[in-house]
Amino acid sequence: MALLTLLPVPLIAALVQLTACHFRPLSRRTVEAVHLASIALVLVLSLLTVRGVAVHGPVTALGHWLHVDALGAVFLALIGVVGFLTGLYSIAYMRHDLAHGEVDDRKLGVYYGFFSLFLFTMLLVVTANNIIMMWVAVEATTLGSAFLVALYGKRSSLEAAWKYLVICTVGVAFGLYGTVLVYANVAAAPVGIEGAAFWTVLLQHADVLDPTLAKIAFVFVLVGFGTKAGLFPMHAWLPDAHSEAPSPTSALLSAVLLNCALFIVIRFDILVSKAVGPAFPHMLLLGLGVLSLAVAALFVVVQRDLKRLLAYSSVENMGLIAIALGIGGPLGVMAALLHTVNHSLAKALLFCGSGNILMKYGTRDLDTVKGVLRVAPVSGVLLMAGALALGGMPPFNVFVSEFLTVTAGIDAGYGWLMIVCLVLLTVVLAAFVRMIAGSILGASPPTVAKGDVGPLALAPMAVLLVMMLIMGVRVPAPVAGLLREASAIVLATEGSDALALRMPWQNATTVTLAEPVDAGRPTCSPNALRRTEIEDHACSNRY
Amino acid sequence: MHGIQLVNALAGLLVITSLLVIEAKKPATSAILYALQSSVLVLVFLALAATTRAHELYVWSGTAFVTKVVLVPVIMYRALGSLHDPATPEGGLGATRALLLAAAVVVLSFLAVSSVQLPAIAELKPALAISLAHFFLGLTCIVTQRNILKQIFGYCLMENGSHLTLALMAPKAPEIVEIGIATDAIFAVIIMVVIGTRIFRTLGTLDSRQLTELKG
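Residues numbered from 1 in each chain as written. Chains lettered and ligands numbered in written order. Predicted model: local features only at pLDDT ≥ 70, side-chain atom pairs only at ≥ 80, totals over all residues.

A. Main features of the overall build of chain B. When helices and strands are tallied, chain B shows 7 helices and 0 strands. In chain B, the order of α-helices and β-strands from amino to carboxyl end is α-α-α-α-α-α-α. Against the 2.2 N^0.38 benchmark of 17 Å for 216 residues, chain B shows a C-alpha radius of gyration of 18 Å, consistent with a compact globule. By principal-axis analysis of the C-alpha atoms, chain B measures approximately 55 × 35 × 35 Å. Looking at chain B residue by residue over its 216 residues, the buried ones come to 48%. In chain B, once contacts between residues fewer than 6 apart in sequence are set aside, the share between residues at least 24 apart is 76%. (Helix = DSSP H or I, 4+ residues; strand = E, 2+ residues; numbered from the N terminus. Rg over C-alpha atoms; globule rule 2.2 N^0.38 Å. Buried ≥ 20, exposed ≤ 12 C-beta atoms within 10 Å, placed from the backbone. Contact = placed C-beta atoms within 7 Å.)

B. Expanded view of the overall build of chain A. Scanning chain A from N- to C-terminus turns up 21 helices and 2 strands. Here chain A has a C-alpha radius of gyration of 22 Å; the compact-globule value for 543 residues is 24 Å, and the two agree. Its C-alpha atoms give chain A principal-axis dimensions of about 65 × 55 × 40 Å. For chain A, with 543 residues in total, the buried portion stands at 62%. Residue pairs at least 24 apart in sequence account for 79% of intrachain contacts in chain A once pairs closer than 6 positions are excluded.

C. Region of interest: the environment of B:Ile186. All names here are of chain B. Along the polypeptide, isoleucine 186 turns up in helix 7 (residues 175–203). The exposure class assigned to isoleucine 186 is partly exposed, which follows from the 18 C-beta atoms found within 10 Å. Spatially, the C-alpha atom of isoleucine 186 lies 20 Å from that of asparagine 147, the residues being 39 residues apart in sequence.

D. Structural view of the interface of chain B and chain A. The interface is formed by 35 residues belonging to chain B together with 35 residues belonging to chain A. Listed by contribution, the elements that provide at least two residues to the side of chain B that touches chain A are helix 5 (125–144), helix 6 (148–169) and helix 7 of chain B. Looking at which element gives the most residues to the side of chain B that touches chain A, the answer is helix 7 of chain B, with 13 residues. The residue makeup of the side of chain B that touches chain A, split by class, is 24 nonpolar, 7 polar and 4 charged. (Nonpolar A, V, L, I, M, F, W, Y, C, P; charged D, E, K, R; others polar.)

E. Representation of the packing of helix 12 (residues 279–302) of chain A against helix 13 (residues 306–327) of chain A in the model. All names here are of chain A. The contact between helix 12 and helix 13 brings their axes to 7 Å, and the two run at 155 degrees. In terms of their interaxial angle, helix 12 and helix 13 are classed as roughly antiparallel. Helix 12 and helix 13 meet at a crossing whose hand is left-handed. (Axes fitted to C-alpha atoms, helices over the stretch in contact; angles between N-to-C directions. Parallel < 35°, antiparallel > 145°, perpendicular 65-115°, else oblique. Left-handed = near helix turned anticlockwise from the far one by under 90°.)

F. How the structure looks around the nonpolar core. Formed by 290 residues in total, the largest nonpolar core has its most connected members in A:Val74, A:Tyr183 and A:Leu349. When residues no more than four places from it in sequence are discounted, the contact partners of A:Leu349 are A:Leu382, A:Gly386, A:Met461, A:Leu464, A:Leu465 and A:Met468. (Core = buried A, V, L, I, M, F, W, Y, C linked by C-beta atoms within 7 Å.)

G. Spotlight on the environment of A:Ser401. Residue and element names in this part refer to chain A. Within the fold, serine 401 resides in helix 17 (residues 397–411). Expressed as a C-alpha distance, the spacing of serine 401 and histidine 339, which sit 62 residues apart in the sequence, is 5.0 Å. The residues touching serine 401, leaving out its near neighbours within four places in the chain, are Ala335, Leu338, His339 and Asn342.

H. Expanded view of the packing of helix 2 (residues 27–52) of chain B against helix 6 of chain B. Residues and elements named next belong to chain B. Helix 6 packs onto helix 2 with a crossing angle of 5 degrees between their chain directions and a minimal axis gap of 11 Å. In terms of orientation, helix 2 and helix 6 fall into the roughly parallel class. Note on element contacts: helix 6 touches helix 2 through Leu149, Lys150, Phe153, Cys156, Asn160, His163, Leu164 and Ala167, opposite Pro27, Ser30, Tyr34, Gln37, Ser38, Leu41, Val44, Phe45 and Leu48. Of the residues in the contact of helix 2 with helix 6, the class split is 11 nonpolar, 5 polar and 1 charged.

I. Structural detail: the confidence of the model for chain A. Here chain A averages 87 in pLDDT, and 90% of its residues register 70 or above. Overall, residues 508–543 of chain A carries pLDDT values under 50, and its contacts beyond four positions in sequence, including any with other chains, amount to 37 contacts. (pLDDT = per-residue confidence, 0-100.)

J. Fine view of helix 6 (residues 131–149) of chain A. Along its 19 residues, helix 6 of chain A runs 27 Å from first to last C-alpha, staying within 8% of the 27 Å computed at 1.5 Å per residue. Taking burial as the measure, the 19 residues of helix 6 of chain A include 19 buried ones, the bulk of the element. (Expected span 1.5 Å × (residues − 1).)

K. Representation of unusual backbone geometry. All names here are of chain A. That bond from phenylalanine 232 to proline 233 is cis: its omega, 0 degrees, falls within 30 degrees of zero. Following the sequence through the fold, proline 233 ends up in the loop between helix 9 (211–229) and helix 10 (237–244). For the peptide bond that leads from proline 394 to proline 395, omega is 5 degrees, which places it in the cis range. Within the secondary structure, proline 395 sits in the loop between helix 16 (377–390) and helix 17.

Encoded structure:
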């Protein structure tokens, strides 16, 4: 069982590294070898698990304590892939820090140890079936990553770590209230339900939830896990923590951790939608999403610190995903899940790119960083492409999911709101273009030595960019299939079928119109017909 | 019936002890008072276990005793010994305002809980309201205190509040869940103390308002 072997791998790696550096720091080579083995195994095992889910359906292990369905598989795959790539990048980045005296051998061990621990806690979030255990895992992600944020021990990094710890533990405590409320509500049902803390059981018995309690619980959950997902107004910790952490950790925080929190919000959205209908949770998601997008777009524009700019862009993108979820429907849910994947890849690339800039310039100040393209040409090209992609330029992936979100919004009757969103997205694009024009292009300062960072740092970024291009041009069939099954899980409560993911330029005849995932539903249901109509409608909108 | 009254009365005692923790002048005194408050929590668990015959709660009171009555106060007391910053202002609300605020929070919590329709906790509503109030008192402590060590106590109080809610609403939850939560809580305190210690050594202050490097 890939799933059963997956979880212990990073945990053992973390314990080995942390125990060793407590007694006698291991040599750099040993530390790196353990780290590399851990991230490679996590990549292989998580992808094997995802493949198992795609082929044979949901996987359950440890007597229902672990459960991965298609929705969980999407997030699991992201942890595996982005965890591996940022882990690989870490090796180059931390070698540089070691050589320049930013960290010593002991801190290197601490870094890799907590990196693995952090991976373990995130894997636990997306594989846990017991909702209270899910909460425990989310809380553990904060504890696992706080030391990564504080690694450099500077005044600013300690301050960021403190804010991160306090705001997230307090926020997530609200999440516990929501979780307990749901559990106690179902457990107290007169019919007597066994194992009411298990997600799979809860989903079957969502109808016994008291409507008022379900709504209160969702508010608690949204405040709690929304804090961790960086939604406005609970985002205060995010720009500090993401900018002060070592760059590969920033990538992991932004590209994976935020998704893990969002994953739980989606889980509860499904549950509460089933109990009280989608109107209430969707209204809240839409509201918080628009606020996050608006506030973050304004902060992105005024940032002169590269990593803070990227951090606010994460708030903006989480807002966009919340908007897509709030719009709902086959298009909206597909847009939300696709954007989660796309943002993850793009943000991992850019935070690694910010690491390259730090390695070359020693600063993140955009007024000092000039002419990256001349100093480090490959890094410059990767950063430029990544920034344009994140700003929503075709042919990259983020464009597709942003377009899908706006299409879904217009389709659902949120025309004016979508115009506001488009204006805000343009503001963000302008900020990225300004960053490119000011810092990546132009003359380089004479004090900075020319020559790019090593291939070990560039390779993971190149892989990310290639993946972004592929996801932007033609989503590979297995990924599209998984996304479709995942959105079917979210949509099951709404009574509508999932969309087959298709690019505007892909001819309908080349894509097999996929069968509805829900086996209990007849293939030629009115919903299925409606789905095709929506799809055609969506496509005609694009031309 | 007496058992339930005992649970509700002990829960009331929790609010009083938490006010003492918040308003204690010296952080070291807060640590001792926190141990006292956690002992009350353990008593609530025991009374609840006896009343509702939820055997899982005996395990809970065991873990709560080890982590909250012994470990957390000891960790905090030791940390407070090495971290002393007379320059950090007291902060807090002052006894009168704290008392008024506590009363308001308790009343609001009673109002909020009165609308909950769960047969299992019908008789335990006062205790449930107090657990909710306790959670918000802890939050108040974090917001109003300037000393970051006192903020850690605020977190501990919030944690006690949610722990009690969990015990009241989900007494039959599997023990491993409760152990997971308790482990998280103890690690949270340890990590906060470690980061707090490093802040004190690097910045030379425990005043949270001095943490102003990062803005915008």
